[in-house]
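Fold and geometry: a report
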Amino acid sequence: MDGLSLADRIKQLDLSPVDHQWVAGSTAPFAGSDDWGGLTGLAQWYQLAGGTYDGFHSTMSLRPDGGMTSVLSAMFADSGAVVRLNSRVTSVSRAGAWTQVRLSGGQAYRSRVVVVATPVNTWNTIASTPGLPKVHTDATREGVGVPHATKVWLHVRGSSEAVYAQSDETGPIQLLLPQQELPGGRLYVGFTGPSLDVSDRAAVQAAVRRFIPKATLVGHRVMEWSKDTYARGGWGLRQLAAIQEPHGQLVFAGSDIASGWYGAFVEGAIESGLRAADQAVTLAR
């Protein structure tokens, strides 16, 4: 467990007020709050990107050719998996050589090995027989996902320039990232602080104008992970190595429990999925 929070480490640096605002504003969007996020989490991300601030943000701008939809389509085509949407899992139970997965609609499926690939914060919504190990139950009870994690997609008119901006840690939009240019404007992605009511269009426009004074908000879409039943928080920002181990015939996967790019990154999800696949094959033999 981290001995220092991000806020603890920032206080140790004896920064000027301006530099403190800059550093705290840089870290808060990823941790939800500098008081909540651990120092080593963000430090690991920076090191994986070459150990520099510029390297980290350059890496963050990379995206797959064709977007994530193309990656998912290729994975589904390769695996031949059957995808069932709107099928909430209510329980996972062990019975002899088989593990049964039951859905809210009453349907049940069984397998020799089951991969649990939901966010850690949702594990306590799925009844497990026998129960999960203490490290797993503690993690899902305490939560590993950032408590306040809200992402907004913003169609802005009035400026076609690509504006990158960040506020201090109390700002309504803590981080603003330019995306593609649109006719008469630009698409932005923003990460908001708890002070912004993202359902209030006027408040969102006012928050954008703090960075782009002449901007007009054409439209916006919001993802509030803390209010999502299937997330119950944002990306994971705690590392617990023992949580990667199988429990009986259950194997665990997801970016929350990756070793490298854990938490907010698809690279961590892929890394974790590869490990879980190896574990599942071994258990099924």
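Shown above is the structure to which this text applies.
Since this is a predicted model, take the numbers as computed values, not measurements.

1. A look at helix α3 (residues 39–48)
Among the residues making up α3, those that are buried are G41, L42, W45 and Y46. Projection of α3 onto a plane perpendicular to its axis shows the buried side chains occupying an angular sector of 130°, all on one side. In the stretch just after α3, G50 is the one whose phi turns positive, near 105°.

2. A look at the sheet that holds strand β8 (residues 173–182)
Pairing in this open sheet of five strands is antiparallel, and the strands run β7-β8-β9-β6-β10 from one edge to the other. Looking at which strands have only one partner, the edges of the open sheet turn out to be β7 (165–166) and β10 (216–224). With eight bridges joining them, strand β6 (residues 150–157) and β10 adopt antiparallel strand pairing. By the bridge assignment, K151 is partnered in β10 with M223. Running over the sheet, helix α7 (residues 201–209) touches β6, β8 and β10 and is turned about 105° from β10.

3. Concerning the packing of aromatic side chains
Counted according to the given criterion, the structure contains ten aromatic pairs. Clustering of aromatic rings is evident, with ring pairs tying together W22, W45, Y46, Y53, F56, W261, Y262 and F265. Directly above the aromatic system of W98 lies the positively charged group of R110, at a separation of 4.3 Å from the ring centroid.

4. Structural notes on the sheet that holds strand β5 (residues 127–129)
Backbone hydrogen bonds hold the strands of a sheet together, and the pairing may be parallel or antiparallel. An order of β3-β2-β1-β5 is seen for the four strands of this open sheet, with the pairing classed as mixed. Of all the strands in the sheet, just β3 (108–111) and β5 have a single pairing partner and so form its edges. Averaged over all pairs of adjacent strands, the angle between their axes in this sheet comes to 15°, without regard to strand direction. As judged from the three bridges shared by strand β1 (residues 89–95) and β5, these two strands associate in the parallel manner. Opposite V92, over in β5, you have S128 as the bridge partner.

5. Some words on the pairing of β1
One ladder, built from six bridges, connects β1 with strand β2 (residues 98–103); its direction is antiparallel. Residue pairing in the sheet places R94 in a bridge with T99 of β2. The antiparallel pairing of β1 with β2 creates a hairpin that spans two residues between the two strands, and G96 there sits at a positive phi of about 70°.

6. Quick look at the pattern of salt bridges
On inspection of all chains with the given rule, the structure shows six salt bridges. As a salt-bridge pair, K134 and D138 come within 2.5 Å of each other at their nearest N and O atoms. Taken together, the residues K134 and D138, both in helix α6 (residues 134–142) and four residues apart, mark about one turn of the helix. Residue classification places K134 among the exposed residues on the basis of a relative accessible area of 60%. One salt-bridge network, in which partners are shared between bridges, spans K134, D138, R141 and E142.

7. Let's talk about the nonpolar core
If you look at the biggest cluster of nonpolar residues, it comprises 19 residues, and the most contacted ones within it are F30, L42, W45, F56, F191, W235 and W261. Residues contacting F191, with those up to four places away along its chain left out, are P29, T150, K151, I173, Q174, L175, L177 and W235. If you look at the next biggest cluster of nonpolar residues, it comprises 16 residues, including V156, Y188, V198 and A215.

8. Quick word on the pairing of strand β9 (residues 185–192)
Taken residue by residue, a regular strand's side chains alternate between the two faces of the sheet. Burial runs high along β9: seven of the eight residues are buried. Sheet topology places β6 next to β9; seven bridges connect them, and they run antiparallel. Bridging across to β9, V156 finds its partner in R186. Pairing geometry for β8 and β9, over seven bridges, is antiparallel. Within β9, the residue paired with L177 across the bridge is V189. The hairpin turn running from β8 into β9, its antiparallel successor, is two residues long, and G184 in that turn takes a positive phi close to 75°.

9. Side note on a nonpolar patch on the surface
On the surface, M68, L72, M75, F76, V83, L85, V266, I270 and L274 cluster together to form a nonpolar patch covering roughly 840 Å² of accessible area. Secondary-structure elements contributing two or more residues to the nonpolar patch are α5 (67–79) and α8 (266–284). Looking at the nonpolar patch, the element that brings in the most residues is α5, giving four residues. Among the structural elements, I270 can be located in helix α8. Classification of I270 as partly exposed rests on a relative accessible area of 43%.

Cut-offs applied
Residues numbered from 1 in each chain as written. Predicted model: local features only at pLDDT ≥ 70, side-chain atom pairs only at ≥ 80, totals over all residues. Heavy atoms only, no water. Buried < 20%, exposed > 50% of the residue type's maximum accessible area, 1.4 Å probe, protein only. Helix = DSSP H or I, 4+ residues; strand = E, 2+ residues; numbered from the N terminus. Arc of directions from axis to C-beta. Pairing = 2+ DSSP bridges. Contact = heavy atoms within 4.5 Å. Axes fitted to C-alpha atoms, helices over the stretch in contact; angles between N-to-C directions. Phe/Tyr/Trp six-rings, centres within 6.5 Å; stacked < 30°, edge-to-face > 60°. Lys NZ or Arg CZ within 6 Å of the ring centre and 35° of its normal. Salt bridge = Lys/Arg side-chain N within 4 Å of Asp/Glu carboxyl O. Core = buried A, V, L, I, M, F, W, Y, C linked by side-chain atoms within 4.5 Å. Patch = residues over 30% accessible without salt bridge, like charges linked within 9 Å, V, L, I, M, F, W, Y side chains within 5 Å. Areas by Shrake-Rupley, 256 points an atom, 1.4 Å probe, with all protein chains shown as cover.

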